[in-house]
Amino acid sequence: MGNTSSRATYSPNPSSKKGPCSCTFCSCAPFKSQNENLPMELPKPPIYTEDKSAEKHKDPAVLVVQSVDLVIKENANQHQTYEYHLVEKDNPHLVIRRGQPFDASVTFNRTYNNGEDVVCLVFTAKDSKNASYAQGTLVTVPVFDDVDSKPSEWSAKLLSSDASSITVQVRTPCDVIVGAWGLEIDTKLKNVPDKDATVHRYTCANAVFVLFNPWCKDDTVYLANEEKRKEYVLNDTGLIWRGSHTRLRPTPWNYAQFEENVLECAIYLLNHIGSLRKTSHNDPVRVVRHLSAIANAQDDNGVIVGNWSQNFSGGEPPTKWGGSKLILQQYYKTRKPVRFGQCWVFSGVLTTSTDTCTFKM
């Protein structure tokens, strides 16, 4: 699902690690200063501009994306995200863990020619006010048949081509921003000068959700013990201990991190509640401190209104809640704090929020 568009002029991202290639569109051409004695200019993001002469330069030979298959079920199994409601619903979304590759199949209007065609993936962090390369919220990833990337780099490797489709393996950095990302695919002819080039852009309809990855050794949240990963990441029920240090009692709690709208709510809390900068969404320490602060509605219009009195009119008594699901679903639906909670309710909801993004406090 998606749509295509074309423009005649494309201003490139001029940073590169690959070559030689005559295109600047896909970031594979080296950027040179006009005067070697002067400092190089900073890279600029790609900009599509309206060009009245577009039809004159329009080339029917340019590769056009017709559909994209994100192989959601298979990727979800590989990334341990198959239980998320977003993956299982009628209109599924891809949910992946950072630092780990995923596959995608792209179908074109004709056969892909590696020597003539340029294919570039464009990722944009959703809810970014001004997405940019410098902040890591806008990324162009050219497809190459041979990729030697570091764990902290984006890459897209051509695995195979068959008739009018290709299979690409995409790897996100181990420290990439977590949350929802938009995916677009740009295509052009490799040997056409940029001023005359026609660029076709295909926009995927659904966002790709990227989470922290306890299975990735290069991720800050890595857990080496498989049993701990099952207990702390995949287990959706547990006990919360209530009371004082001399009188403890367990309370069963349904964390429900995979349920409908729970992941969406966690991402909403990161993006819209409080003041956590988008560039800090890759840091589990800053993320958990943010989620901890906004679990309480008092300062930032967060999730739960605390109430330690005996008057619970206008809401529910804290003892009613047996899990985080109904609380987070209600908050996500109304965008208003849920009434009421006490200590163990705050801890349960916070644990769910961090579980959903996939790490433990």
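What you see is a predicted model; the values in this text were computed from it and never measured.

J.: Outline the pairing of strand β14 (residues 237–244), listing residues and values.
T.: Pairing between β14 and strand β15 (residues 247–254): 8 bridges, direction antiparallel. What sits directly across from R242, in β15, is R249. Linking two consecutive strands that pair antiparallel, namely β14 and β15, is a turn of 2 residues.

J.: Provide a residue-level description of helix α4 (residues 226–234), including the pertinent values.
T.: Among the residues of α4, R229, V233 and L234 are the ones counted as buried. Along the axis of α4, the buried residues cluster in a sector spanning 70 degrees; they form a single face. Two or three places before E227, at the opening of α4, N225 has a side-chain oxygen 2.8 Å from that residue's backbone nitrogen.

J.: Residues and numbers for the packing of helix α6 (residues 284–294) against helix α9 (residues 343–357), please.
T.: Angle between the axes and distance between the axes: these two values describe a pair of packed helices. It is the contact of α6 with α9, at a shortest axis distance of 10 Å, that shows an interaxial angle of 150 degrees. The handedness of the crossing between α6 and α9 comes out as right-handed. Touching V288, L291 and S292 of α6 are L350, S353 and T354, all from α9. When the residues that make up the contact of α6 with α9 are grouped by side-chain class, the tally is 3 nonpolar, 3 polar and no charged.

J.: Residue-level account of empty space enclosed by the protein, with values.
T.: All chains considered together, the criterion is met by 1 cavity of 30 Å³ or more. Space inside the largest cavity adds up to approximately 50 Å³. What lines the largest cavity is simply V68, L70, F102, A104, V106, L121, F123, V168, V170, L183 and I185. Listed by contribution, the elements that provide at least two residues to the lining of the largest cavity are β6 (101–108), β7 (117–125), β10 (165–171) and β11 (179–189). For the lining of the largest cavity, the element with the highest residue contribution is β6, accounting for 3 residues. Looking at side-chain class alone, the lining of the largest cavity contains 11 nonpolar, no polar and no charged residues.

Parameters and conventions
- Residues numbered from 1 in each chain as written.
- Predicted model: local features only at pLDDT ≥ 70, side-chain atom pairs only at ≥ 80, totals over all residues.
- Heavy atoms only, no water.
- Pairing = 2+ DSSP bridges.
- Helix = DSSP H or I, 4+ residues; strand = E, 2+ residues; numbered from the N terminus.
- Buried < 20%, exposed > 50% of the residue type's maximum accessible area, 1.4 Å probe, protein only.
- Arc of directions from axis to C-beta.
- Polar contact = N/O pair within 3.5 Å; in protein donor to acceptor, adjacent residues only side chain to side chain.
- Axes fitted to C-alpha atoms, helices over the stretch in contact; angles between N-to-C directions.
- Left-handed = near helix turned anticlockwise from the far one by under 90°.
- Contact = heavy atoms within 4.5 Å.
- Nonpolar A, V, L, I, M, F, W, Y, C, P; charged D, E, K, R; others polar.
- 1 Å grid on protein atoms, 1.4 Å probe; cavity = no way out; pocket = protein on both sides within 12 Å on 5 of 7 lines; lining within 4 Å.
- Points joined across faces, edges and corners; volume = space filled by probe spheres on them.

So, to be careful, I would describe these as geometric facts and stop short of saying anything about function.
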